[in-house]
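Chain by chain, the residues run as shown.
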Amino acid sequence: MSSKPCLTSLKAFESELGVQAPVGFWDPLGLARDGDVLAFQRRRSVELKHGRIAMLATMGYITPEVAGKFPGYLDPSAGLKFEDVPNGLAALSKVPGGGWAQILLYMSWCEVSRGAGSDIASGRPGDFGWYVLTSSDPEEKTKKLNAEIANGRLAMMAIIGMFYQDGLTGSAWGDWANYTDSPLRAVDFSTELGVTPPLGFWDPLGLAAAGAGKTQDPAVVVAQFKRRRAVEVQHGRVAMFACIGYIVPEYFRWPGLLSKAENLAFADIPNGLKAYSYIPLIGWTQILAFVGTIEVYNLAGVSDDSRTPGDSPLFGAFGIPGAGGISDPEKRAKSLNAELNNGRLAMMAIIGMFFQDGLTGSAWGDWANYTDSPLRAFESELGVQPPAGFWDPLGFTADGDAAAFRRRRYIELKHGRVAMFACLGYIVPEYYRWPGDLSPSLGLKFTDVPTGFAAFSKVPLSGWAQMIAFAGTVELFQYVDDPERAPGDFKNAGLLGVPNGFLRLSDEEARKKKLAAELANGRLAMMAIIGMFFQNGLTGTAWGDWAEYTASPLRAYENETGVQPPVGFWDPLGLSASGNNFDFQRRREVELKHGRVSMFATIGYIVPEYWRFPGFLCERYAAPIKFVDMPNGLQAISKLPALGLFQIVLFAVNKKLSAELANGRLAMMAIIGMFYQDGLTGSAWGDWANYTDSPLRAVDFSTELGVTPPLGFWDP
């Protein structure tokens, strides 16, 4: 009976702000068990104050590290500059007495200006009459206030951690060099495989640490580390195979039977978790025997100190039994590091695939199963474009709130439009500037203003005033959001956003297409302008001056064959960033081979359309084959006799120039297109007869002037 009043009193607070999933109303110390509303409101007021201070304090730790410090003097009389004040707890000793007085006076004013406890007296803890997180929509306001409480709680935890780190090491972020007695230093794993930036040696659970409650013997610590690393490598390898096992059957399956005794074909096995119920007992026996054999012999190499964990003496490159390994130590270490990282990624990926498969019953998760998803409310909105479709990885629209979606779309459009203008502002001045004076009173010409960040210091005060006034006018009066219109569609804006523009799109389909294009271009521009800002800030020039990168390893190859205008040395994936000349030469050799093969293959597609050798391809074959009997394209592979394939392989095994390289690169692109066209239509060139639904057939232009062989009607 005594527990019932307690339960009733707790229910009084379970609908309060801050009661959030998954914990719900959380009061492990029972502070609210007496149901005292006044005490609850007092504690909530204190929690909010502490949370707000903690958020500001956390920003105070981070901002000086990232954004720098204010210029000028903090205390001119003491000759103390802002840049002289260290970050963190060390700053306390630098603040002058006058500064402390100002801080205390400000805090006191904030505390008592509206009357001590005024927020509690009004029944609204934390409400001091200064509204930032507010909304006319009660539900939206509650959501924002809940977010403030959650962020404040997180900030209180964060600032305590920062204080502890700062007090322990004397550095705001904690300098690893100060941890001389750390048990992680007992055995140095920082040079082990798998230690890659940006995390370095990452062991948040302290599994590799020696110390209190753990063994102090370095030999045992090393043995445990090697065992865990071997297990990690094994799990990574299995996960990589598992990921491939999910993906490949979507595109290809073996022909024939998996089990003749049960008349079970490979094509009958479903993809994903459902496949387990189809595998016969003998199949499971074979799998377990194979895995057991590899496991027993692979783990035999763990105790071998001369080999890295996961490197078994019985398995070579790509895990092939008895295959040779990689002799170059540097290349071998790089390949093993890549394997570790790929394995870690695959372990995350396969868990996601299992979850998706178990949730929807489909290996890839069938969108048709998510009939009640709130995301369906937005799947027909502008900006939903292939291949991503409706893409919201952070789940901003998971609550299905149409008003919040509209607001975010409105902001996205604004940012995209500004970013497009900003990108043009970076590019156009490189080719053209207005003639004459920007500011006649200052004698400042347009040509005197540099491109990029450096322009900020040149724009006069009146110029800034004009820009702010223009932006404000556009924001407040010209382009005003109308709830009756689509986000970003302003009554006063015409085509291309021209104010009061008279050109408008009457065709609704064309209008949607252009608005979707604007969204896509705006997204691209937002990514582009961030890259331009970064480049500008890094090198001091809007485009990044290549002359600044004197130590770049890419300079080792800038005079190589294949470096041609307008791209120059092009390596977007950074494959040659290591400066390894052996790797570069190997890749160049492979590129040349592929290019040469592609050039021959492209010619092999084209020439048979106009000419073939006379006579027999294989006269002594059981069924003699003439050259004219060979179909063009992929179908020819099934007609080629085994002896012909053998000759081709022998020729390929038997075994410079900028033009050849360029042509080879073009041919590699061309042959991929030909393969795709051939596989799609069954014809090397794609049979026009297959395109029965093409919009080009709506009006027959094939008899018009200019339609001439071999292209026919050509409208790419």
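These lines cover the structure that appears in this document, whether it is placed above or below.

1. Side note on the pattern of salt bridges
Thinking step 1. Taken as a whole and assessed by the stated rule, the structure comprises twelve salt bridges.
Thinking step 2. In this structure, E47 and R44 form a salt bridge, with 3.0 Å as the shortest nitrogen-oxygen distance. A residue pair is termed a helical-turn pair when its members lie 3 or 4 positions apart in one helix, as E47 and R44 do in helix α2 (residues 37-66) at three residues.
Thinking step 3. Here R44 falls in the buried class, since its relative accessible area comes to 10%.
Thinking step 4. Overlapping salt bridges bring together R44, E47 and R153 as one network.

2. Section: the packing of aromatic side chains
Each aromatic ring pair is summarised here by two numbers: the centre-to-centre distance and the angle between the ring planes.
Thinking step 1. Counting across every chain of the model gives twelve aromatic pairs.
Thinking step 2. A centroid spacing of 5.8 Å and a plane angle of 75° characterise the contact between Y432 and W434, whose relative ring orientation is edge-to-face.
Thinking step 3. The rings of Y426, F453, F456, W464 and F533 are connected pair by pair, giving a single aromatic cluster.

3. Some details on the side chain of S598
Thinking step 1. Mapped onto the secondary structure, S598 falls in helix α12 (residues 581-606).
Thinking step 2. S598 has contacts with G664, A667, M668 and I671, leaving out every residue within four places of it along the chain.

4. Details of the packing of α2 against helix α5 (residues 138-169)
Thinking step 1. As a packed pair, α2 and α5 sit with axes 7 Å apart at the nearest point and diverge in direction by 55°. On the basis of the axis angle, α2 is oblique to α5. The two elements α2 and α5 meet at a crossing, and its hand is left-handed. Contacts between α2 and α5 involve R44, E47, L48, H50, G51, R52, A54, M55, A57, T58, Y61 and I62 from the former and E148, I149, N151, G152, R153, A155, M156, A158, I159, M162, F163 and D166 from the latter.

5. Some thoughts on a nonpolar patch on the surface
Thinking step 1. Taken together, L89, L92, W100, I103, L104, Y106, M107, W109, I160 and F163 make up a surface patch of nonpolar side chains, about 1,000 Å² in accessible area.
Thinking step 2. At six residues, the largest contribution of residues to the nonpolar patch is made by helix α3 (residues 97-112).
Thinking step 3. Within the secondary structure, L104 sits in helix α3.
Thinking step 4. The class of L104 is exposed, set by a relative accessible area of 51%.

6. Description of helix α6 (residues 218-247)
Thinking step 1. Spanning 30 residues, α6 covers 43 Å between terminal C-alpha atoms, matching the ideal 44 Å at 1.5 Å per step.
Thinking step 2. Turning to α6, its buried residues number three or more, namely V221, F225, K226, R229, A230, V233, Q234, G236, A239, C243 and Y246.

7. Re empty space enclosed by the protein
Thinking step 1. Counted as a void, the largest cavity has a volume near 70 Å³.
Thinking step 2. Forming the boundary of the largest cavity are ten residues, of which L193, V233, T308, P309 and L336 lie nearest the centre.
Thinking step 3. At the level of elements, α6 and α8 (329-360) are the ones that each hand at least two residues to the lining of the largest cavity.
Thinking step 4. The class makeup of the residues in the lining of the largest cavity is five nonpolar, two polar and three charged.
Thinking step 5. Size it by volume and the second largest cavity reaches roughly 50 Å³.
Thinking step 6. Every element with two or more residues in the lining of the second largest cavity is listed here: α2 and α5.
Thinking step 7. Grouping the amino acids of the lining of the second largest cavity by side-chain chemistry returns four nonpolar, two polar and four charged.

So, how was this worked out
- Residues numbered from 1 in each chain as written.
- Predicted model: local features only at pLDDT ≥ 70, side-chain atom pairs only at ≥ 80, totals over all residues.
- Heavy atoms only, no water.
- Salt bridge = Lys/Arg side-chain N within 4 Å of Asp/Glu carboxyl O.
- Helix = DSSP H or I, 4+ residues; strand = E, 2+ residues; numbered from the N terminus.
- Buried < 20%, exposed > 50% of the residue type's maximum accessible area, 1.4 Å probe, protein only.
- Phe/Tyr/Trp six-rings, centres within 6.5 Å; stacked < 30°, edge-to-face > 60°.
- Contact = heavy atoms within 4.5 Å.
- Axes fitted to C-alpha atoms, helices over the stretch in contact; angles between N-to-C directions.
- Parallel < 35°, antiparallel > 145°, perpendicular 65-115°, else oblique.
- Left-handed = near helix turned anticlockwise from the far one by under 90°.
- Patch = residues over 30% accessible without salt bridge, like charges linked within 9 Å, V, L, I, M, F, W, Y side chains within 5 Å.
- Areas by Shrake-Rupley, 256 points an atom, 1.4 Å probe, with all protein chains shown as cover.
- Expected span 1.5 Å × (residues − 1).
- 1 Å grid on protein atoms, 1.4 Å probe; cavity = no way out; pocket = protein on both sides within 12 Å on 5 of 7 lines; lining within 4 Å.
- Points joined across faces, edges and corners; volume = space filled by probe spheres on them.
- Nonpolar A, V, L, I, M, F, W, Y, C, P; charged D, E, K, R; others polar.

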